[in-house]
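Read off the chains here:
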Amino acid sequence: MSGSAYRQLEIRWVELDPTRGAETKKKRPCVILQDDVVNQGSRTVIVAPVLPGHKDWPFAVNLKSSKTNGLGMDRHINLKQLRAVDVSRVRNKQGMLEKRYLEPVKAALSIVFNL
């Protein structure tokens, strides 16, 4: 897969194994956070896992399932578990994260990084 084959805010399946300790495991849907300009030709991409259920964590963004995002149930993005992964781990597209979640994602990232 070339670096331009995916876009920021896409939800794609990503093979996260092998992992260590408390890292998010398995093949999971993840949101691509890296900007499209950076994605072009890049061999790595920054993603955040999309996990089942609702969480009241300040670093989580809760999502409602929709046709646009392709999620079959309500989930959350765990922005404390960001990962830079090789593009060979990135698989098929699940959907797109709706723009209405962009500000909550930025707010959660500002908490994670104290920005």
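Because the structure is a prediction, the values reported are computed rather than measured.

## Examining the overall build of the protein
And step 1. Looking only at helices and strands, one finds two helices and seven strands in the protein.
And step 2. Starting at the N terminus and ending at the C terminus, the protein contains elements arranged as β-β-α-β-β-β-β-β-α.
And step 3. Here the C-alpha coordinates of the protein stretch approximately 35 × 35 × 30 Å along the principal axes.
And step 4. Out of the 115 residues in the protein, the part that is buried amounts to 40%.
And step 5. Pairs at least 24 apart in sequence give 60% of the contacts found in the protein among residues at least 6 apart.
And step 6. A total of about 6300 Å² of accessible surface is found on the protein, and carbon and sulfur atoms cover 53% of it.

## Observations concerning the environment of Phe 59
And step 1. For Phe 59, the position within the fold is in the loop between strand S3 (44-52) and strand S4 (60-63).
And step 2. Once the C-alpha coordinates of Phe 59 and Val 105 are considered, the two residues, 46 residues apart in sequence, prove to be 8.3 Å apart.

## Quick notes on the pattern of salt bridges
And step 1. By the definition in use, this model includes six salt bridges.
And step 2. For Arg 43, the salt bridge identified is with Asp 86, shortest N-O distance 4.0 Å. Here the residue Arg 43 occupies a position in the loop between helix H1 (36-39) and S3, and Asp 86 occupies one in strand S6 (residues 83-86), the gap between them amounting to 43 residues.
And step 3. According to the relative accessible area criterion, Arg 43 is partly exposed, its value standing at 48%.
And step 4. For Asp 86, a relative accessible area of 30% puts it in the partly exposed group.

## With respect to unusual backbone geometry
And step 1. That bond from Asp 17 to Pro 18 is cis: its omega, 5 degrees, falls within 30 degrees of zero.
And step 2. Looking at the element boundaries, Pro 18 is found in the loop between strand S1 (10-15) and strand S2 (27-32).
And step 3. Of note in the backbone geometry, Leu 9 takes a positive phi value of approximately 75 degrees without being a glycine.
And step 4. Here Leu 9 is to be found in the segment before S1.
And step 5. The phi torsion at Lys 26 lies on the positive side, around 75 degrees, for a residue other than glycine.
And step 6. Structurally, Lys 26 can be placed in the loop between S1 and S2.
And step 7. For Lys 26, a relative accessible area of 48% corresponds to the partly exposed category.

Each value, and the rule that gives it
- All residue numbers here refer to positions counted from 1 along the written sequence of the relevant chain.
- Reporting in this predicted model follows two pLDDT cut-offs: at least 70 for local features of residues, and 80 or more for side-chain atom pairs to be given and counted; totals over whole chains, interfaces and linings ignore these cut-offs and use all residues.
- Side-chain calculation: all heavy atoms of the structure are included, whereas hydrogens and water are not.
- Helix numbering and strand numbering both begin at the N terminus, where a helix is a DSSP run of H or I of at least 4 residues and a strand a DSSP run of E of at least 2.
- Only protein chains enter the area calculation, which uses a 1.4 Å probe; residues under 20% of their type maximum are buried, those over 50% are exposed, and those in between are partly exposed.
- Note on contacts: a residue pair is in contact if any heavy atoms of the two residues lie within 4.5 Å.
- Per-residue and other accessible areas follow the Shrake-Rupley method at a 1.4 Å probe size, with only the shown protein chains counted as cover for residues.
- For this document, the term salt bridge refers to a Lys or Arg side-chain nitrogen within 4 Å of an Asp or Glu carboxyl oxygen.

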